Every structure is written in structure tokens, then in C-alpha cells.
Amino acid sequence: MSQTTLGKNAGDSRERDGGGTSTARALTGQALRALRDNMRQYGMVIALVLLLGLFQVWSGGDMLLPRNVTNILLQNGYILILAIGMMIVIINGHIDLSVGSLAAFTGAAAAVMMVDHDMPWQLALFLSLLIGAVVGAWQGFWIAYVGIPSFIVTLAGMLLFRGATQILLDGQSISPFPEGFQDISQGFLPEVGPDTNYHNLTVLMGVLVCAVALFQEWRQRKQALAYELHVLPFRMFLLKCAAIVAAVLAFTLTLASYRGVPVVLLILGGLLVVMGYVMRNAVIGRHIYALGGNRAAAQLSGVKDKRVTMLVFVNMGVLAALAGCVFAARLNAGTPGAGNLFELEAIAAAFIGGASMSGGVGTVLGAVIGGLVLGVLNNGMSLVGISQDVQQVIKGLVLLAAVGFDVWNKRRARS
Amino acid sequence: MTQHVLEMRGITKSFPGVRALDGVDISVRAGEVHAVCGENGAGKSTLMKVLSGVHPHGSYGGEIRFEGELCAFRDIRASERHGIVIIHQELALVPQLSIAENIFLGNERAARGVISWSSTLVETERLLRRVGLDERPGTRIAELGVGKQQLVEIAKALAKRVKLLILDEPTAALNDEDSRKLLGLIGELRDQGISCILISHKLNEIRQVADTVTVLRDGRSIETLAVRGSVGGPATVSDEQLITRMVGRELDQFYPDRTPYTGERAGQVALTVRDWTVRHPVDTGRTVVDSVSFEVRHGEILGIAGLMGAGRTELAMSVFGRSWGRYVRGSVELHGREVSTRTVAEAVGHGIAYVTEDRKTYGLNLIDTISRNISLAALPRMARHGVVDAHGERRVAERYRGSMNIKAPTVFEQVGRLSGGNQQKVVLSQWINAEPQVLILDEPTRGIDVGAKAEIYTVIDQLAAQGKAVVVISSELSELLGVCDRIATMAFGRMTGVLDRAEATQEGLMRLMTRTDVGAVDATGRPVTEES
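Residues numbered from 1 in each chain as written. Chains lettered and ligands numbered in written order. Predicted model: local features only at pLDDT ≥ 70, side-chain atom pairs only at ≥ 80, totals over all residues.

Chemist: Tell me about the overall build of chain A, residues and numbers included.
Modeler: Scanning chain A for helices and strands turns up 17 helices and 0 strands. Across the 415 residues that make up chain A, the buried fraction comes to 43%. Intrachain contacts of chain A at a sequence separation of at least 6 include 80% that bridge at least 24 residues. (Helix = DSSP H or I, 4+ residues; strand = E, 2+ residues; numbered from the N terminus. Buried ≥ 20, exposed ≤ 12 C-beta atoms within 10 Å, placed from the backbone. Contact = placed C-beta atoms within 7 Å.)

Chemist: Outline the overall build of chain B, supporting the account with residue identities and numerical values.
Modeler: The helix and strand inventory of chain B stands at 18 helices and 24 strands. Taken over C-alpha atoms, the radius of gyration comes to 25 Å for chain B, in line with the 24 Å a tight globule of 532 residues would show. Reported as C-alpha extents along the three principal axes, the dimensions of chain B are approximately 70 × 55 × 50 Å. Long-range contacts, defined as pairs at least 24 residues apart, comprise 67% of the intrachain contacts of chain B with a sequence gap of at least 6. (Rg over C-alpha atoms; globule rule 2.2 N^0.38 Å.)

Chemist: Explain helix α8 (residues 179-186) of chain A to me, using residue names and the numbers behind them.
Modeler: What α8 of chain A keeps buried is the set F181, I184 and S185 of chain A. End-on view of α8 of chain A: buried residues confined to an arc of 80 degrees, all on one side of the axis. (Arc of directions from axis to C-beta.)

Chemist: Break down the environment of M490 of chain B for me, with residues and values.
Modeler: Residues and elements named next belong to chain B. Structurally, M490 can be placed in strand β23 (residues 486-491). Distance in space between the C-alpha atoms of M490 and V289 is 9.4 Å, their sequence separation being 201 residues. Ignoring anything within four residues of it in the chain, the contact list for M490 reads I304, G306, A310, G311, R312, M495 and T496.

Chemist: Could you give an account of the sheet that holds strand β14 (residues 287-297) of chain B, naming the residues involved and the relevant values?
Modeler: Residue and element names in this part refer to chain B. In spatial order, the strands read β14-β13-β16-β17; together these 4 strands make up an open sheet with antiparallel pairing. Every interior strand has two partners, whereas the edge strands, β14 and β17 (337-339), have only one. Across the sheet, the mean angle from the axis of one strand to that of its neighbour is 15 degrees, orientation sign disregarded. Inspection of the sheet shows strand β13 (residues 269-279) paired to strand β16 (residues 326-334) by 7 bridges, in the antiparallel sense. (Pairing = 2+ DSSP bridges. Axes fitted to C-alpha atoms, helices over the stretch in contact; angles between N-to-C directions.)

Chemist: Describe in detail the domain arrangement of chain B, supporting the description with residues and values.
Modeler: Interfaces are often sized by the amount of accessible area the parts lose when they come together. Examined at the domain level, chain B breaks down into domain 1 (4-247), domain 2 (269-351 + 438-454 + 468-532) and domain 3 (360-435). When each unit is reduced to the centre of its C-alpha atoms, the spacing between domain 1 of chain B and domain 3 of chain B is 36 Å. (Domains from an automatic or database assignment.)

Chemist: Go over the pairing of β13 of chain B, please, and point to the residues and values.
Modeler: Relative to β14 of chain B, β13 of chain B runs antiparallel, the two being bridged by 7 bridges. Counted as the bridge partner of V273 of chain B is F294 of chain B from β14 of chain B.

Chemist: Just give me the short version of the sheet that holds strand β6 (residues 84-87) of chain B, but keep the residues and values in it.
Modeler: Residues and elements named next belong to chain B. If you walk across this open sheet you meet the 6 strands as β6-β9-β10-β3-β11-β12, and the pairing is mixed. Edge positions in the sheet fall to β6 and β12 (220-226), since each of these pairs with one other strand and no more. Going from strand to strand, the sheet's axes swing by 20 degrees on average, the running direction of each strand aside. Pairing analysis gives 4 bridges linking strand β3 (residues 33-37) to strand β10 (residues 195-199), with the strands arranged parallel. Residue V36 lies in a different strand from β10, and its bridge partner there is I199. Where helix α6 (residues 176-191) meets the sheet, it contacts β3, β9 (164-168) and β10, and its direction lies at approximately 150 degrees from that of β10.

Chemist: Please set out helix α4 (residues 117-131) of chain B residue by residue, giving values where relevant.
Modeler: Residue and element names in this part refer to chain B. When the terminal C-alpha atoms of α4 are compared, their 21 Å separation across 15 residues agrees well with the 21 Å that a helix rising 1.5 Å per residue should span. Within α4 the residues assigned to the buried category are T120, T124, L127, L128 and V131. End-on, the buried residues of α4 take up no more than an arc of 100 degrees, which puts them together on one face. Exposed residues lying more than 90 degrees from the buried face of α4 are S118, R126 and R129. If you follow the buried residues of α4, they end up packed against α3 (99-103), β8 (114-115), α5 (146-159) and α6. (Expected span 1.5 Å × (residues − 1).)

Chemist: So what's going on with the packing of helix α5 (residues 99-116) of chain A against helix α14 (residues 305-331) of chain A? Residues and values would help.
Modeler: All names here are of chain A. Running from N to C, α5 and α14 cross one another at 60 degrees; their axes reach a closest spacing of 7 Å. For the element pair α5 / α14, the angle class is oblique. α14 is crossed by α5, and the crossing has right-handed handedness. Facing V99, L102, A103, A104, T106, G107, A110 and A111 of α5, the residues of α14 in contact are M316, G317, A320, A321, A323, G324, C325, F327 and A328. A breakdown of the residues in the contact of α5 with α14 according to their chemical character gives 13 nonpolar, 4 polar and no charged. (Parallel < 35°, antiparallel > 145°, perpendicular 65-115°, else oblique. Left-handed = near helix turned anticlockwise from the far one by under 90°. Nonpolar A, V, L, I, M, F, W, Y, C, P; charged D, E, K, R; others polar.)

Chemist: For unusual backbone geometry, give the residues involved together with the corresponding values.
Modeler: Note the cis peptide between S175 of chain A and P176 of chain A, where omega equals -5 degrees. On the secondary structure map, P176 of chain A appears in the loop between α7 (150-169) and α8. Positive phi values are uncommon outside glycine, yet E67 of chain B reaches one of about 50 degrees. Within the secondary structure, E67 of chain B is located in the loop between β4 (61-66) and β5 (69-71). Of note in the backbone geometry, N405 of chain B takes a positive phi value of approximately 60 degrees without being a glycine. By the element assignment, N405 of chain B lies in the loop between α14 (390-403) and α15 (420-433).

Chemist: Mind laying out the pairing of strand β22 (residues 469-473) of chain B, listing which residues take part and the relevant values?
Modeler: All names here are of chain B. Among the 5 residues of β22, 5 are classified as buried, and the element is accordingly described as predominantly covered. Of the two faces of β22, the one carrying A469, V471 and I473 and the one carrying V470 and V472 are both buried. Across 4 bridges, the pairing between strand β15 (residues 301-306) and β22 is parallel. Following the sheet pairing, I301 is matched in β22 by V470. Across 5 bridges, strand β21 (residues 438-442) lies against β22 in parallel orientation. Bridge assignment links L441 to a residue of β22, and that residue is V472. As for the winding sense of the linkage, the β-α-β connection from β21 through helix α16 (residues 450-465) to β22 is right-handed. (Right-handed = clockwise from strand over helix to strand, strands pointing away.)

Chemist: Please give an account of the confidence of the model for chain A that cites residues and values.
Modeler: Here chain A averages 87 in pLDDT, and 89% of its residues register 70 or above. Across chain A, helix α6 (residues 121-146) of chain A holds the top mean pLDDT of 97, while helix α1 (residues 2-17) of chain A sits lowest at 39. (pLDDT = per-residue confidence, 0-100.)

Right under this line is the structure:
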């Protein structure tokens, strides 16, 4: 109620003055508001940097050693993959509790195909992803077309696929895998060119990423100026660009001085770019946001609710299967206990990264940042010797604090 | 009787960046119905929130005296202890609980934490008689219509020993029949000594029931007028007087003159609906829309009048992609050729648009931007290879912000932050942008202020002038008479008549809207005879 009243009055006052200076004031106000609305995401980036700094000092410099940074990526790759899919599910206004079990099941299926049936690993990987898609379609069918709440359908899936994994593996672990499959999770880009003490390909990629990022920033600024939107002052803009370049180069040089870019990072980067683009610019992405924001209105605007929801769950299924294969490759075994509690890690990552329980809000990048916050916490706390039990307590509190901060922030914005 | 029960002096309330109330004075005499009117955003709701303690003492400036005593309410409970009860526009009843449970919710008849059901039921019966509601105390709220729920709210207020009852747009969701009952009840309560503040957009209501009216504009109290010379006497204040004060300018022309469409399709029938019949989605034995036929031409504005429950929205929504109820039979023709409107996407594809009466629930994604709401219905057309053209989208949004006069600093403003009138303009833009041939507008001016209404009427007129076929569903007869070329009436699921603007009067329409004895009429409004 108070929000609408406020909005109306704000509209009226804008109409009344409407001179040049007040337009500028309105725009500044909007920029501040945009900053405040994105506080959660910026806040999490800041939190991530602070966490890294904290553990860097606490661990006596072990945190940011090239080997440890690479480790963080390898340890969290599968959670980040799940978090990307989970974010999209949550934006669409649903939830998926089955991804941990599904990851175990697809990992086990890949193991059975490769070890028991001597299937080439590429085919096994492809079939696993296909299984993921089929399972996603199965759950999507019950949710979208039959109308059973996603919480229930995927809770059933969580039990169902955990059981199916046990049956498939007969309670045993299966190993070892062909090297090619192991490389999905343990491999790195090949060494090429002269010996420079750094991994050449990685440095090259870092430079490329810098160039693309700078081009994007410049283009966005140009567009914003063309639309007469508020932009950062030019000096601030340069500072931001410098910060981006510094961060990317520091990160790539760190990786390059160990073994280079791990394959998992390539997969993640690809997912981040493609899924981010689809959610931002594709019609289907818009429809996902619209359905999460107001399902009835989206339906009455001609959005095909059922088909979109189905696709979202198929996507989640494929990503869960991918995460399952990455995890199996990391263990070099298909085990019945794989993927335990992954769904909760992924959901926590999405909410820390800015998702809203009611849907319609969040970004793919946010999910990755949320996942990294959790991953850095895990890794850092292990480095400084905090016991597993205490780690759980702290992670729980972090999730509560992150969402609590968001709720508090929104309420403050409203009153 | 001239003693003031409530005096508010110099009330000032600011929100970050906005001064919502700026020195408002209002005095309510004991035992009077005091209307408060003004455009949306004038500060009516904020003023009532200050009075009822939603905005606690200390968060506003000025002083409140109730029964001569200086008041400093910390919350709603504090104001209710003094006998000030507010009934909000959105009713605050729990649908799953019974009437009795709702009436005594938070005010339970209990001894040591144990509810005394006998005294609850007896008391409820008494209160229901007092408000003239013939229902049993055990009936669940969900089974009642909005009109009866409103009466339960009043009974709930009476249970709290109300001295000053505040009603915020009480008839917004009611049909004429229920509105009349409610207004009658307000009069009865006044005679029992309960003072009442009535916030209303509807000027005829104010003239009908109020004794005094205070006009607010831009957070200031403009003037307090006596509505009638003597208690119970005829109203002496005119609509024109009130409107002038509300908008602060002369409204020489509220409804625009119809601009004729002279294009090549002039006079050609655009949409024909034949024999449309729909059953209730849950209560499938009930036929809600019964053998309805109508047609609308290019460049024509067809009004559909009817009381609440006549089946107008149900008709429109079921024609639009079968979005409501269970389809039984009927056909839709565009330019004389039968088409399928089985899904919303198909209906939109055939150039039909439906603008909902409930923009917050069915019309807008409130957490998204103006620009993205406007483009939603036309996204497939505005995209190439499944990727949205961001530049085009923004240009389109800018165009509508200008042409529809949407008051927002940029098109990237969140829709939930706009006023009702501006939200309505965004919904309209969304559907005009879908480039339809036929636009069905359901209550296009509900809950929006007078200035925005006039703008919407102009937009409707222009749409018709461009050759679009427009159907306007409205509960305000004056609005239909003001903007439509022809007006069809519905009663109890059936179409009961079609009148030309020239021959239609409010009385004539009302007669058709309450008819139960007619069968179906055909597309031109002639009764269907036995032979055909």
C-alpha cells in the first residue's frame, strides 16, 4: 500500500517541477535506486573479495596460491554448473530438489556404460546428458502439464533417482574411467609455444577476455549515453575498466603459473556466457522472467507457460547430468553416494547470488558469484583448519545473513 | 451536532523525496458522513494511514484530536482502542475461516485463552442482523461474494465498538446493487451515531450519502464543502464543482468527441462472436455465459454494460484464448471467416487483444521495467532468431511513454512504482504494441484518477479513429454513454440488448441489465425468434 502511494506521489511531483535540474535530480535518484536494487549482487562481489582477503591473511598466503585457486575451481565446478541451472529454475518460480540424486544417477550411468560396456567416453557422456534431458522432461511434464508443485515432483525425484542409482550400481563403486573422461574434471588446456614460465594459452585467453570485456563496457556506455541514461563519470569509468583488466589478468596469471585453464573453467565460462545471453536477450529468457514475475499476466500475454517451464526443467536436467559427469570424473568413479546434498548447495548459491523465493529475479552471473562465495568459504575454512561441523554452522549463517540482508534492504527501500 | 469528533490540523507527512501530505486540515463532526475525494496520489490513503496509526505518531507532523483528546497512536491497535476502524480497499478477511471467526479475529470472545463459541455465535448473529447480512455465522468467507464480504468487514468494525468508521473506496469492487445497499447501510450507521469517513472516486456516491466533502489535491486540503443544505436533504454540490477542485482546472470536455474512421475498412465487421457459451470452471453445472452473440466493426467502439456477475469479463476472457471457464460452444469470426482462439497465442496471432480489469494480478509484471512490460505481448515479432532487438524495444517503449503520457523518468522504471493511472497506460501500451485489429478493454479506467481517465478516453477514441474495432467493458454507465458508439447489455450470462448511443440512456440500459425474462439476441441486437 505505502509503496503505491509513494509511487503516485513521486509521479506527481515529477510532473509538477519537470525543469532541467529536476530531471537531472530524478536521474541521479534513479541511478542510486538502481545501485540499491543491485546491492545484493554488488554486495556479494564485495563479500567475495573480502572473504578472499580474509582467508589470504588468515592462512598466511596459502589462499591465493596458484594451486589453491585452481583447486577452488576444480572443487566447485559441479556446484556452479548446478547453481546456473537452479537459478533459472528459481527465476521461473519453481525449485528442483532432485539435482543431487540426478547427478549421482547420470554419473553412475556414465560409469556403467564406460566400465561395464566399454563404451567410448564421448558416447557415454552424450548419453548421460540425454538421460538428464529425458529426466528433466519427465519432471517438467508433471510440473507443467499435470500441475503438481515442483517441490513435490522433485522431492519424489530426489528419492527416486537416489534409489535408481543404488540399483544401477548394486551398491558398489565402479572405476576406473578412460583418461579422456577424467579430463573433463581433472584436465587442463594443453601447453603450446615456447617455455615462458607461464601457461601460454591461458595468458592468451586472459588477454582475449580483457579485450572482450573492455569492448562490452565501452559499448554499454555508448548505448547508455545514447539513451541519455545516467552513466559513471568518465574517470570513474576508466577506473572501473582498469579494475576489470587487473582482476582478469591477476586471475589468469595466477592460473597460468600453475597448470593453466582447467577444462571445467572452460565449461563454466561457456555456460555463463550462453545462459547469461539467453536469459538477458532471448525471447525465451524474457518469458522465463515474466512467468516468475507474474504467471497469470504472462499467460494472458501469450507466453506459453507449459512449454517454457518444460524447457527450464529439461535444461536443469542436462546441467545436472553434466555436473554428475564432472563429479564422477573428479572422483574417477561412479559411486552410490555421489551428489549428496548438492541440491541444497546449488539452491543456497542461487539465493546468496540474488534469487528471490517468489521468482522473477536473479541473474546467471549472480548464481556463479553465490556459488563462489560458498566455495571460497569451504576452501578457506578448510585451509585454516576449521572443522567440518563448524563449517556447516557458518555456511548456514551466511545463507541466512545474505537473504536477511536482502529482505532488510528491500524493506528499507520501500518505506 | 456541531461538535467535532475528529480534528486533524496541519498534517504533514514526507517520504524520501516526496511530500505526500502538506498541511492537511480536516474536521469531522459527530454523526456525519464525511467524504474525502481527490485524484490518485492526492494523499487520501496516506492521510487515513496517519489517522489509523499505520504511520505511527512521530513519523508525521501536525496534530490529531479525537473526541477533543490529543492522540498519539503508535499502531493500528491503538487507534482501534479509541474506536477508529479503517476498512481498506483490499479486504482483510481470511477466506478459509468462517464469518464469526473473521469478525472476532484478534478480538476473540475468550476467557483465559479459551474461545467462548456460544458468545461468539450469538454476538455474530446480532452483528449480521445489524448490517443486514442474511448468512449463518459458520459460513466460510470464501463462499461469499465481494459485496457480502464488505458487510462482514463492517460487522467486524462494529464488533470493535467503532465510533469513526473509515471506508477506503468501499464500492470499487461492488456492483450497483451491492453499492446501493452499502451506501444505505452507511446512512443507517450515521443515524445510530457512528461517524464515517468515506474515501471515494465516485462523485455520485458522495452526493448520495455524504454530508460534507473535503477535496484533497497534491497533498493539500483544498476545500471542505457542505454536500447538502440540511441533513437528509437533496444534494446541492455538483459534480462539476468537485471535479474543478480535484483537478484544479476547468474540465470543459470530459469525454472526447468521437473521431470518425474513414479508412477503407470503415463499416466492415471485424469481429463476430456467435452463440458463445461457457460454463464455470469449478461449478461446471453453472452456465456463466449463455449463447452470447455480438459483432463489432472497424472504427467502432462497442460498450458492454452489465452488473457484477453478468458474465462480461468471463465472456471476454474465454473468447481470448479460452482463458476462463469451460468452453461449451460458439464460434469466433474475423472478417467473416471462422478462426480458432483456443490459446492466447492464437488469439493474439489473429489480432485480438484483451486488456484485463485487474492489471496487478493479470496485466503486469510489477517487478519488471516499463519497457519490458510493453514489449511482452509482441516479443516474438520484436525478435530476430529468438533474440530480442534491445534497441527497437527501447525505442518502442520511449514512443509509448511520449504518446501515452506515462509519467516516469525513464522507460527502465519499475512498473510497481507507478501510480494506477500510469500502470494502466503501460498495460494499454503493451496491447496497442501487439498491433491488434480488435481490442477488448475490460474496465479500462478502474481505480485511476480523473485526469488519467480523460487521457485513456482520448486513446480509446484514437484507436477507433485508426480503424481498430474496440470493445469496452465498463461498470460506469456514464463512461459507456460517453465513449461508445453502441452499447450491448448483459444480464445473468445473456446478452439482453444492443442500443445505439443516441437512443441509450442510463435508465434504459439499467432496465436491460436487470432483465431476466429475455432469451438470446442476435449479433445486431434483435431478439432471436422461434423460426430462426
